[in-house]
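# Coordinate analysis (summary)
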Amino acid sequence: MSEKDVKPQEQAETADKKPITDPLEQLKKLSRGTVKLMFPFRAHSQDVEKLDYDFCKLTGYDMAEALDTAPVNNIWAITNMQALALFAAAAERCAPYIEENGHSIRLYDAKDIMKNLQSVDFVEPMKISKAFYNASSRVGSGNTSNG
């Protein structure tokens, strides 16, 4: 089958499956999304069935605070606990607000996520956090000069 025999939709599907090699494009793709939980947890008497996340809503302080919650093995990679803390911080920023006692509060926070996220639901957020951290490092390295 020649390339001209391939339908545009099939070409688009094939293009979507190609790995993204540009660090900035990887970062954009990894920065936000939703994780559907196999094991929802309860927060403020409600089931949390999915976690939206957006790493771009975090400040440098937020990121440092999350990463500092766990010991560091090396400066080039983050630990699983750091990945969990980083994801939880990014997900907390996207948590919906609820009314409680006349006040608007977030349905859940990073501590709720870290405490209640089941193991099977942790693997993907861990991979996402580590990929985001690595892509951020590559993008940042390209934006600095030593001259």
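The paragraphs below set out a description of the structure included in this document. (Residues numbered from 1 in each chain as written. Predicted model: local features only at pLDDT ≥ 70, side-chain atom pairs only at ≥ 80, totals over all residues. Heavy atoms only, no water.)

We now examine the packing of aromatic side chains. Under the defined criterion, the tally for this structure stands at four aromatic pairs. Arranged with centres 5.3 Å apart and planes meeting at 55°, the rings of Y53 and F87 form a pair that is tilted. Placement of the pair is Y53 in strand β2 (residues 46–54) and F87 in helix α4 (residues 80–92), with a sequence separation of 34 residues. Y53 sits in the buried class, given a relative accessible area of 8%. The exposure class of F87 is buried, given its relative accessible area of 0%. One aromatic cluster in this structure is built from Y53, F55, F87 and F132. (Phe/Tyr/Trp six-rings, centres within 6.5 Å; stacked < 30°, edge-to-face > 60°. Helix = DSSP H or I, 4+ residues; strand = E, 2+ residues; numbered from the N terminus. Buried < 20%, exposed > 50% of the residue type's maximum accessible area, 1.4 Å probe, protein only.)

Further remarks concern the pairing of strand β1 (residues 32–43). Where β1 meets β2, eight bridges bridge the pair, whose relative direction is antiparallel. Looking at β2, one finds that R32 is bridged to D54. Adjacent in sequence and paired antiparallel, β1 and β2 are bridged by two residues, among which H44 carries a positive phi angle near 50°. (Pairing = 2+ DSSP bridges.)

To continue, consider the pattern of salt bridges. As enumerated under the stated definition, the model contains five salt bridges in all. One salt bridge connects R32 with D54, and the closest N-O pair in it is separated by 3.4 Å. Highlighted residues: R32 in strand β1 and D54 in strand β2, separated in sequence by 22 residues. R32 gets classed as partly exposed once you look at its relative accessible area, which sits at 47%. Taking relative accessible area as the criterion, D54 reaches 9% and is therefore assigned buried. (Salt bridge = Lys/Arg side-chain N within 4 Å of Asp/Glu carboxyl O.)

On the surface, a nonpolar cluster with roughly 310 Å² of combined accessible area is contributed by M38, F39 and V120. Of note, M38 is situated in strand β1. (Patch = residues over 30% accessible without salt bridge, like charges linked within 9 Å, V, L, I, M, F, W, Y side chains within 5 Å. Areas by Shrake-Rupley, 256 points an atom, 1.4 Å probe, with all protein chains shown as cover.)

Purely geometric numbers; function is a separate question.
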